[in-house]
Amino acid sequence: MPVHSGGCHCGAIRLRFETELDPARIEIRACQCSFCVRHGSRAAADPGGRLTILVEDGAKLQVYRFGLRTADYILCRECGVYVAAICGDGEHARAIVIVNALDERERFSREAVPVRYDAETREQRLARRRGAWMPVEIQGR
Ligand SMILES: [Zn+2]
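These remarks concern the structure in this document.

Criteria and cut-off values
Residues numbered from 1 in each chain as written. Predicted model: local features only at pLDDT ≥ 70, side-chain atom pairs only at ≥ 80, totals over all residues. Heavy atoms only, no water. Helix = DSSP H or I, 4+ residues; strand = E, 2+ residues; numbered from the N terminus. Buried < 20%, exposed > 50% of the residue type's maximum accessible area, 1.4 Å probe, protein only. Donors = N, O, S within 2.8 Å, 3.2 Å for Na, K, Ca; no water. Phe/Tyr/Trp six-rings, centres within 6.5 Å; stacked < 30°, edge-to-face > 60°. Lys NZ or Arg CZ within 6 Å of the ring centre and 35° of its normal. Core = buried A, V, L, I, M, F, W, Y, C linked by side-chain atoms within 4.5 Å. Contact = heavy atoms within 4.5 Å. Pairing = 2+ DSSP bridges. Salt bridge = Lys/Arg side-chain N within 4 Å of Asp/Glu carboxyl O.

This part takes up the overall build of the chain. A count of helical and extended segments in the chain gives 2 helices and 11 strands. Along the chain, helices and strands appear, N-terminal first, in the series β-β-β-α-β-β-β-β-β-β-β-α-β. Seen through its principal axes, the chain has C-alpha atoms that stretch 35 × 35 × 30 Å. Considering the chain as a whole, with its 141 residues, one finds that 43% of them fall into the buried category.

If you want it as structure tokens, here you go:
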């Protein structure tokens, strides 16, 4: 499967986004929650693909939670870059990747679709992510 690499700014966190989807066609979502708006985040996921987060020093990995606390927002503690969000644990973990943290971010060229999930219940939110987010593994933590 093709791999799109990326990571945070200082290199403490590396990303491997595996997908058969054409980067020029994959849907880009601009979540309008109060966290993502502050980061201007553009997110993507391929349920048939996979995300690997590699971190040599687990102390560099910052996890932030807010609101319903159903997701872990993954940031670099060193350089502050927001790289991914993860929902669930172990083999059930699912993620989105932040497109701007990928090396070839320009290839993900679709206009971001603004999305609002404020009205979701906790159950609706988890169900949506199970369907739309992708398998994820953190290596080296
Ligand atoms: Zn960093």
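A few words on the coordination of the zinc ion. For the zinc ion, the full set of protein donor atoms is Cys8 (SG), Cys10 (SG), Cys76 (SG) and Cys79 (SG), at a range of 2.2 to 2.4 Å. Coordination of the zinc ion draws on donor residues from a single chain, spaced C-x1-C-x65-C-x2-C in sequence. Of this pair, Cys10 sits in the loop between strand E1 (3-7) and strand E2 (13-18) while Cys79 sits in the loop between strand E7 (72-76) and strand E8 (82-87); the two residues are 69 residues apart in sequence, bridging distant segments of the chain. When its relative accessible area of 41% is taken as the criterion, Cys10 is described as partly exposed. A relative accessible area of 28% means that Cys79 is categorised as partly exposed.

This part covers the packing of aromatic side chains. Tallying each qualifying case throughout the model produces 8 aromatic pairs. Among the aromatic residues, those joined into a ring-pair cluster are Phe35, Tyr64, Phe66, Tyr73 and Tyr82. The positively charged end of Arg128 is found above the aromatic ring belonging to Tyr117, 3.3 Å away from the centroid.

Okay, the nonpolar core next. Ranked by size, the top nonpolar core spans 42 residues in total, and within it Leu51, Ile53 and Tyr82 carry the most contacts. Element by element, the count of residues in this core is highest for E8, at 6 residues. Setting aside residues up to four positions removed in sequence, Tyr82 forms contacts with Phe35, Cys36, His39, Ser41, Tyr73, Ile74, Leu75, Ile96, Ile98 and Ala101.

So, on to the pairing of E8. The buried fraction of E8 is high, at 6 of 6 residues. Summarising the sheet, E7 and E8 pair through 4 bridges and their orientation is antiparallel. Each bridged residue has a counterpart across the sheet, and for Leu75 the counterpart in E8 is Tyr82. Counting the residues in the hairpin turn of E7 and E8 gives 5 residues, including Gly80, whose phi is positive at 85 degrees. Bridge count for E8 against strand E9 (residues 94-98) is 4 bridges, and the pairing is antiparallel. Considered in E9, the bridge of Ala85 is made with Ile96.

Next up on the list: the side chain of Arg125. Take Arg125: it is sitting in helix H2 (residues 122-132). Once residues within four sequence positions are removed from consideration, Arg125 is found in contact with Leu68, Thr70, Tyr117, Asp118 and Glu120.

In this section: the pattern of salt bridges. Counted by the stated rule, this structure contains 8 salt bridges. With a closest N to O distance of 3.3 Å, Arg50 and Glu137 form a salt bridge. Of this pair, Arg50 sits in strand E5 (residues 50-55) while Glu137 sits in strand E11 (residues 134-139), and the two are 87 residues apart along the sequence. Look at Arg50 and you get partly exposed, because its relative accessible area is 31%. In this structure Glu137 comes out as partly exposed when scored by relative accessible area, which is 33%. Asp72 is the partner of Arg65 in a salt bridge, and the nearest nitrogen-oxygen pair spans 2.4 Å.

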